[in-house]
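Here is what each chain is made of, one letter per residue.
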2 protein chains.
Amino acid sequence: MAARELAEAEGWEALTTRRLAERVEYSQPVLYSHFKGKDAIVAAVAQEGFTELAKLLRTARTATDGQEPRRRLRAVCQAYLRFAVERPALYQAMFVLPTRLEFAGEETPTALRAAFDAFMEALPEAAPEREARAELLWAALHGISTLSATDRIPAQGGATRLDLLIEGILPRG
Amino acid sequence: MAARELAEAEGWEALTTRRLAERVEYSQPVLYSHFKGKDAIVAAVAQEGFTELAKLLRTARTATDGQEPRRRLRAVCQAYLRFAVERPALYQAMFVLPTRLEFAGEETPTALRAAFDAFMEALPEAAPEREARAELLWAALHGISTLSATDRIPAQGGATRLDLLIEGILPRG
DNA sequence: CTGAAATTCTAGCACTGCTAGACAGGCGGT
DNA sequence: ACCGCCTGTCTAGCAGTGCTAGAATTTCAG
């Protein structure tokens, strides 16, 4: 998808239908025969992002299979944060731009479920409230990602925050 | 500020310079003699939002002064989440729209510092890594707010997530 | 070779943020 | 009273946006 490259290179605000059309060497209206509108284009990019993120999280988890819970959780969290930092445009399309993606409904894309499941599987199987914990973990990582991407939280201290998050999200004991 | 009312009533995408000019019964260019551009307008609204949020957090804290740490923390968190839900446009201006607000620099507005301090004061004074904890708490609440505002996380289960967050963010013991 | 179907294009609409230059009004100084 | 000036406001317009109608072109079956 050319839209993704363009957005990753210059940001979403630089992705206009005209520039994208020029990039793919067609004229503007052909975009609208393939996609319903600009929203559909970013939604398609977001979808790609979810499969990619799901894959990253999954490998982070399987690579630490059998290790102690702290390490496994840390590996998954770091994979998530790295993804957000290295592919900011993709991340935005997935999580901050207004799109109509069913997140918790019937039509939730499988890639999306897979990504969430990877989160849950990073938590000990016996953890109480495992699903809610995974949601909270996701929310915290998302908050860290967006706030630091916009310099609303100091970059310095990221390691400490991650430590605290891992300690806090694991069931006590 | 009329911009705020308009945005709160119809969302930021409905706030155009023309509509705003019509609202204040002036013509478009006078906006540009008061503000440098549209960004400056949303920044001004965001600034208002920070003083309001700081006030809310502060009263939530003082209202629970002397109570047990869990209750104090919960009161502040709930105040934050309520603010995000009840004033979504204001919240967006403060935290998701791209603005040039110094967050952790010299020119950080006092309202902003006040809001953050309110967070920190909601944590026990003796808590280790108090500042990092406050940052993490903020990030988690922000993640919860944005993800549930865009239906990316189920509204159901919010109470459970808040419980887990409070348990997790307080130092163990 | 012809007519229809599909595909791509040109041209344009209504809108956006923003700005240049014209126009008015009130000010003090002569 | 008159002049020049400054301040504030306006009209008109620019370049750009997402999106679409209808013309033009190509493709291909009969």
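An account of the accompanying structure is given in this report. (Residues numbered from 1 in each chain as written. Chains lettered and ligands numbered in written order. Predicted model: local features only at pLDDT ≥ 70, side-chain atom pairs only at ≥ 80, totals over all residues. Heavy atoms only, no water.)

## Points about helix α1 (residues 2-10) of chain B
Along an α-helix, residues three or four positions apart point the same way, because every turn accommodates 3.6 residues.
All names here are of chain B.
Part 1: Among the residues making up α1, those that are buried are Ala2, Ala3, Arg4, Leu6 and Ala7.
Part 2: Elements in contact with the buried residues of α1: α2 (17-23), α4 (38-63) and α6 (88-95).
Part 3: Gly11 sits one or two positions beyond α1 and adopts a positive phi of about 90 degrees. (Buried < 20%, exposed > 50% of the residue type's maximum accessible area, 1.4 Å probe, protein only. Helix = DSSP H or I, 4+ residues; strand = E, 2+ residues; numbered from the N terminus. Contact = heavy atoms within 4.5 Å.)

## Examining the protein's contact with DNA strand D
Part 1: Neighbouring DNA strand D are 14 residues, the closest being Thr16, Thr17, Gln28 and Lys38 of chain A together with Ser27 of chain B.
Part 2: Take the atoms of DNA strand D that sit within 4 Å of the protein: sugar and phosphate atoms are 48% of them.
Part 3: Within the side chain of Arg18 of chain A, an N or O atom sits 2.9 Å from a base nitrogen of DNA strand D.
Part 4: Elements that contribute at least two residues to the surface near DNA strand D include exactly α2 (17-23) and α3 (28-34) of chain A together with α3 (28-34) of chain B.
Part 5: Top contributing element to the surface near DNA strand D by residue count: α3 of chain A, with three residues.
Part 6: For the surface near DNA strand D, the class distribution of residues is six nonpolar, five polar and three charged. (Near = heavy atom within 4 Å. Polar contact = N/O pair within 3.5 Å; in protein donor to acceptor, adjacent residues only side chain to side chain. Nonpolar A, V, L, I, M, F, W, Y, C, P; charged D, E, K, R; others polar.)

## So, the protein's contact with DNA strand C
Part 1: What surrounds DNA strand C is a group of 14 residues, the closest being Ser27 of chain A together with Thr16, Thr17, Gln28 and Lys38 of chain B.
Part 2: Each atom of DNA strand C within 4 Å of the protein was assigned to sugar, phosphate or base; sugar and phosphate come to 49%.
Part 3: For DNA strand C, a base nitrogen lies 2.7 Å from a polar atom in the side chain of Gln28 of chain B.
Part 4: Looking at the surface near DNA strand C, the elements that each hand over two or more residues are α3 of chain A together with α2 and α3 of chain B.
Part 5: In terms of residue count, α3 of chain B provides more of the surface near DNA strand C than any other element does, three residues in total.

## Considerations on the interface of chain A and chain B
Part 1: With 33 residues of chain A at the contact, the number on the chain B side is 33 residues.
Part 2: Each partner contributes to the roughly 2900 Å² buried at the junction of chain A and chain B, and carbon and sulfur atoms together form 62% of this total.
Part 3: Considering only the side of chain A, the residues that lose the most area to chain B are Leu136, Arg152 and Arg172 of chain A, jointly responsible for 26% of the buried surface there.
Part 4: Taken together, the connections running from chain A to chain B amount to two salt bridges.
Part 5: Where chain A meets chain B, there are eight residue pairs in polar contact (both at pLDDT 80 or more).
Part 6: Of all elements in the fold, only α6 (88-95), α8 (130-149) and α9 (158-169) of chain A reach the threshold of two or more residues within the side of chain A that touches chain B.
Part 7: If one sorts the elements of the side of chain A that touches chain B by residue count, α8 of chain A sits on top with 12 residues.
Part 8: Across the side of chain A that touches chain B, the residue classes tally to 18 nonpolar, seven polar and eight charged. (Buried area = accessible area lost by both parts, 1.4 Å probe. Salt bridge = Lys/Arg side-chain N within 4 Å of Asp/Glu carboxyl O.)

## A short note on unusual backbone geometry
Part 1: A positive phi is found at Asp151 of chain A, a non-glycine position, where the angle reads about 60 degrees.
Part 2: Mapped onto the elements of the fold, Asp151 of chain A is located in the loop between α8 and α9.
Part 3: In the Ramachandran plot, Glu25 of chain B falls in the positive-phi region, its phi being about 60 degrees despite a non-glycine side chain.
Part 4: Among the secondary structure elements, Glu25 of chain B is positioned in the loop between α2 and α3.
Part 5: For Glu25 of chain B, a relative accessible area of 73% puts it in the exposed group.

## Thoughts on the relation of the copies chain A and chain B
Here the second copy of the chain follows from the first by a rotation about an axis and a shift along it.
Part 1: Rotating chain A by 180 degrees and translating it 0.0 Å along the rotation axis places it on chain B, where the RMSD comes to 0.0 Å. Each copy turns onto its partner about a two-fold axis.
Part 2: When the interface residues of chain A are mapped onto chain B, 100% of them again lie at the interface, so the same face is used by both copies. (Least-squares fit on C-alpha atoms with pLDDT ≥ 70 in both.)

## Things to note about the environment of Ala115 of chain A
All names here are of chain A.
Part 1: Mapped onto the fold, Ala115 is located in helix α7 (residues 110-121).
Part 2: For Ala115 and Ala3, which are 112 residues apart along the polypeptide, the C-alpha to C-alpha distance reads 23 Å.
Part 3: In contact with Ala115, not counting residues within four places along its chain, are Ala54 and Leu57.

## Quick notes on the packing of aromatic side chains
Residue and element names in this part refer to chain A.
Part 1: Throughout the structure, instances matching the rule amount to 16 aromatic pairs over all chains.
Part 2: Pairing Tyr80 with Phe95 gives two aromatic rings, centres 6.4 Å apart and planes at 45 degrees, and the pair type is tilted. Here Tyr80 is found in helix α5 (residues 69-86), whereas its partner Phe95 is found in helix α6, with 15 residues between them in sequence.
Part 3: For Tyr80, a relative accessible area of 0% gives the class buried.
Part 4: With a relative accessible area of 4%, Phe95 lands in the buried category. (Phe/Tyr/Trp six-rings, centres within 6.5 Å; stacked < 30°, edge-to-face > 60°.)

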